[in-house]
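Overview (structure and organization)
One-letter residues, chain by chain:
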Amino acid sequence: MIQPQTKTKEKQVRLAIWPHPQLKKPAQKVTEFSDKLVDTAAEMTAAMRHLHGIGLAGPQLLIDQAIVVVDPLIYYADERYAEKNEVKPTTLINPRYESNIDITTKTRERCLSFPDVFVDIERPASINLTFQDLSGKTINGDLFGLAEVDIQHEINHLN
Ligand SMILES: [Zn+2]
């Protein structure tokens, strides 16, 4: 199969690999919602696609800001949960979550910053998520399934 070529020139993605110090400290809260933030989110999304990830957090790209990008395709990957997800974010600014269920789910997770490591991680099966969008508007909703696992994973990179 022929892979589609990107029109933009190939950019080297600088990815922080554990134990990079950027991965060990909390990310700075975003306070300015400007065009620069939109550009940063677009760069992070391009890097995520380039690396074939389904989610990426700012610190992984040496961006010391509380920004997470996720692939929207993950919301449709599991039809059991797709309908239940109240929010379908692709860029999350200053995200945080609380567990809202006693049931846990165990998922084999991998992380671009831990190459070749697969770990079974137990997490709450559902979360209540709060974040800001690129305009600074606060959004809240419940999240289930793969999207929820992915977003919990990425938010953990900010803390
Ligand atoms: Zn990760």
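Everything below is about the structure shown above.
Here's a quick rundown of the structure. (Residues numbered from 1 in each chain as written. Predicted model: local features only at pLDDT ≥ 70, side-chain atom pairs only at ≥ 80, totals over all residues.)

As a further point, take the nonpolar core. Met44, Leu56, Ile67, Val68, Val69 and Ile151 are the most contacted members of the largest nonpolar core, which has 33 residues in total. At the level of elements, helix 1 (35–50), strand 1 (55–57), strand 2 (67–70), strand 3 (91–99), strand 6 (126–132), strand 7 (138–144) and helix 3 (145–156) are the ones that each hand at least two residues to this core. Residue contributions to this core peak at five residues, all from helix 3. (Core = buried A, V, L, I, M, F, W, Y, C linked by C-beta atoms within 7 Å. Buried ≥ 20, exposed ≤ 12 C-beta atoms within 10 Å, placed from the backbone. Helix = DSSP H or I, 4+ residues; strand = E, 2+ residues; numbered from the N terminus.)

Counting buried residues along strand 6, five of its seven residues qualify, which places the element largely inside the surrounding structure. Summarising the sheet, strand 3 and strand 6 pair through five bridges and their orientation is antiparallel. In the strand pairing of strand 6, Ile93 is matched with Gln132. With seven bridges connecting them, strand 6 and strand 7 associate as antiparallel partners. Bridge pairing links Phe131 to Ile139 in strand 7. (Pairing = 2+ DSSP bridges.)

What follows deals with the sheet that holds strand 7. The strands that make up a sheet pair up through hydrogen bonds in the backbone, lying either parallel or antiparallel. Here five strands make up an open sheet; going across it, the order is 1-2-3-6-7 and the pairing antiparallel. Of all strands in the sheet, those bounded by a partner on one side alone are strand 1 and strand 7. Ignoring strand direction, the axes of neighbouring strands in this sheet form an average angle of 40°. Along the sheet, helix 1 contacts strand 1, strand 2 and strand 3; its crossing angle with strand 2, the most-contacted strand, is approximately 45°. (Axes fitted to C-alpha atoms, helices over the stretch in contact; angles between N-to-C directions. Contact = placed C-beta atoms within 7 Å.)

Moving on to the environment of Phe144. On the secondary structure map, Phe144 appears in strand 7. For Phe144, a count of 21 C-beta atoms within 10 Å corresponds to the buried category. Discounting residues that sit within four places of it in the chain, Phe144 has contacts with Tyr81, Lys84, Asn85, Ala125 and Ser126.

A few words now on helix 1. Between its terminal C-alpha atoms helix 1 stretches 22 Å, which fits the 22 Å expected from 16 residues at 1.5 Å a residue. Along helix 1, the positions that sit buried rather than exposed are Thr40, Ala41, Met44, Ala47 and Met48. Each buried residue of helix 1 sits inside an arc of 125° when the element is viewed along its axis, so together they form one side. Residues of helix 1 that are exposed and point over 90 degrees away from its buried face: Asp35 and Asp39. Contacts from the buried residues of helix 1 go to strand 1, strand 2 and strand 3. With its phi angle positive at about 60°, His52 sits one or two positions after the end of helix 1. (Expected span 1.5 Å × (residues − 1). Arc of directions from axis to C-beta.)

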